[in-house]
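Below are the chains, spelled out letter by letter.
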Amino acid sequence: MAEILVLGGGVSGISAAYHARQAGREAVIFEARARYGGLLDHFHKEGYRFDNAVHFAFSKNEAYSEVLKKADLLTHRPEPYNYEQGRWLKHPVQNNLFPLPVEEKVEAIKGFIERPAQTEDPDYRQWLYEQFGKVIADRFPVRYTDKYWTVPPEKLSTIWIGNRLYRPSLDEVLYGAMTDSTPQTYYLPEMFYPRRGGFRAILDQLVKGLDLRTGKEAVRIDPSRRFVECRDGTREYYEYLISSVPLPEMGEMVEGAPEAVKEAASGLWATSIALVSIGLKVPEAGDHLWFYVYDRGILPARVHAPYRKSPDNVPEGCSSLQFETYFSRYKPLELSEETLVDHVAGAAEKMGLLDRTDIAVTDCRILPYANVVFERGMSAKRRVVLDFLTEQGILPVGRFGEWDYLWSDQSYLSGKKVENLPCML
Ligand SMILES: Cc1cc2nc3c(=O)[nH]c(=O)nc-3n(C[C@H](O)[C@H](O)[C@H](O)COP(=O)(O)OP(=O)(O)OC[C@H]3O[C@@H](n4cnc5c(N)ncnc54)[C@H](O)[C@@H]3O)c2cc1C
């Protein structure tokens, strides 16, 4: 019998168990996989370390900043780039159009000046037109939406945007079209990454002393008799249950869920990533820490350089790149994993990032849950499932438990909500 049973050993589950323990409570974590860390985990291939997609640490929250302070971190200035038709544009493109031909800049600026007035509750396409004008929007974020969110922007709501997309003034658009000496307008002044051990090293201090059991995949929850059944056939009874299991899976997993809950849960969906990682036996690969790709003929939407995050991620004198191709129930992966590696290597060569003869290792794997998709109407479905879990005494935490666009610091804070359980007060 566990006093507090936590499903999932990602940052949110670890944070829940850590805070329970800090309050003198007994907590057990069940993690389905062989390692903890979830999305913050990494893998090794012949001396190269690759995180599960691009990950940097940042936070405005005091509690999480304390966690970061205790880790040995390198500091990075965020200077992402954008690749489009052989050109490299500073980020964000809307106020960095300098590399475009003059006539294209003129059209983009005219579109910005003539952009439609803001409406109430626009869909994401309309919102993009209202912020940037049709020319800029259609050329950059609309195309990126198709690659990153896997659906056209009119399918999406705008509640997830926050400060993620920069909204420049006309002056900024004009300056950015005439000079490349524009100020940095990325929404973070600096970002951090562990000097050693990959991104997951941030979790090491939290995991120490926790009762974390790997290879324990929960397959059934009986909330009335308060037990969780695992794929290995074992049962664990609990007093309190915390779950970071993806919300769409809870409709079938929780015994006695009404049809309306099952239907709402099955209507929630996330994007997946086909992650191609390449280790190179040369010291440099391209010029950027990370960048976005707009060309439709190149499948990955985002690329980053693990060796630039920390030299500890590669053997001495080597470099590495990682490519994220998004797919979903609405946009299946176009290529097999093997042909995707070949496509990516070819595209990387075309973008001038590498020479194929310098490739030392390649890897392709699937991350089934990447980004929660904010389809219009999603919030109502999410509410139905979350309300049901609350009624059943289950506390959902984390990016996929809460079904939200949470960064790792927010997932950590989500797990910290364990402090509100009656046994903790
Ligand atoms: C492409 C990408 C880039 C990102 N970049 C950044 C970044 O730069 N900075 C940042 O701060 N954040 C970033 N994030 C967000 C960050 O990865 C998440 O906020 C965080 O890792 C979520 O942690 P979690 O514990 O909620 O979920 P997860 O990490 O998914 O952990 C859930 C765990 O539960 C386990 N599990 C699932 N089902 C079961 C089951 N039935 N039984 C037992 N265990 C189960 C899983 O194996 C997993 O280990 C990024 C995310 C993505 C997808």
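Values in this document were obtained by computation on a predicted structure and should not be read as measured data.

1. Regarding the side chain of Glu-236
- Mapped onto the elements, Glu-236 comes out in strand S12 (residues 235-243).
- At a separation of 3.5 Å, a polar atom in the side chain of Glu-236 contacts the main-chain amide nitrogen of Ala-2.

2. A word on the environment of Pro-78
- Relative to the helices and strands, Pro-78 is located in the loop between strand S5 (73-76) and strand S6 (81-84).
- Separated by 110 residues in the primary sequence, Pro-78 and Leu-188 have C-alpha atoms spaced 7.1 Å apart.

3. Notes on the sheet that holds strand S7 (residues 87-90)
- Read across the sheet, seven strands follow the order S7-S6-S14-S15-S16-S13-S17 without closing on themselves; strand pairing throughout is mixed. Since the sheet does not close on itself, it has two edges, and those belong to S7 and strand S17 (359-367), each with one partner. Neighbour to neighbour, the strand axes of the sheet diverge by 20° on average, direction disregarded.
- Here three bridges tie S6 to strand S14 (residues 290-293), and the two strands are oriented parallel to one another. Directly across from Tyr-83, in S14, lies its bridge partner Val-293.
- Packed onto the sheet, helix H6 (residues 141-148) meets S6, S14, strand S15 (302-304) and strand S16 (319-327) and runs at close to 100° relative to S14.

4. Looking at the nonpolar core
- Core analysis: the biggest nonpolar cluster contains 144 residues, and Ile-4 and Ile-221 have the highest contact counts within it.
- Those residues within four positions of Ile-221 in sequence are excluded, and the remaining contacts are Leu-7, Phe-227, Val-228, Tyr-238, Leu-241, Met-250, Met-253, Val-254, Glu-255 and Ile-394.

5. Regarding the pattern of salt bridges
- Considering all chains together, one arrives at 36 salt bridges under this definition.
- The closest approach of N and O atoms between Glu-255 and Arg-220, which form a salt bridge, is 3.0 Å. Of this pair, Glu-255 sits in the loop between helix H9 (250-253) and helix H10 (259-266) while Arg-220 is found in strand S10 (residues 218-222), placing the two residues 35 residues apart along the sequence.
- Classification of Glu-255 by relative accessible area gives partly exposed; the value is 37%.
- Several salt bridges share partner residues, and in doing so they unite Glu-84, Glu-104, Arg-139 and Arg-143 into one network.

Conventions adopted
Residues numbered from 1 in each chain as written. Predicted model: local features only at pLDDT ≥ 70, side-chain atom pairs only at ≥ 80, totals over all residues. Heavy atoms only, no water. Helix = DSSP H or I, 4+ residues; strand = E, 2+ residues; numbered from the N terminus. Polar contact = N/O pair within 3.5 Å; in protein donor to acceptor, adjacent residues only side chain to side chain. Pairing = 2+ DSSP bridges. Axes fitted to C-alpha atoms, helices over the stretch in contact; angles between N-to-C directions. Contact = heavy atoms within 4.5 Å. Core = buried A, V, L, I, M, F, W, Y, C linked by side-chain atoms within 4.5 Å. Buried < 20%, exposed > 50% of the residue type's maximum accessible area, 1.4 Å probe, protein only. Salt bridge = Lys/Arg side-chain N within 4 Å of Asp/Glu carboxyl O.

These figures capture arrangement, not role.
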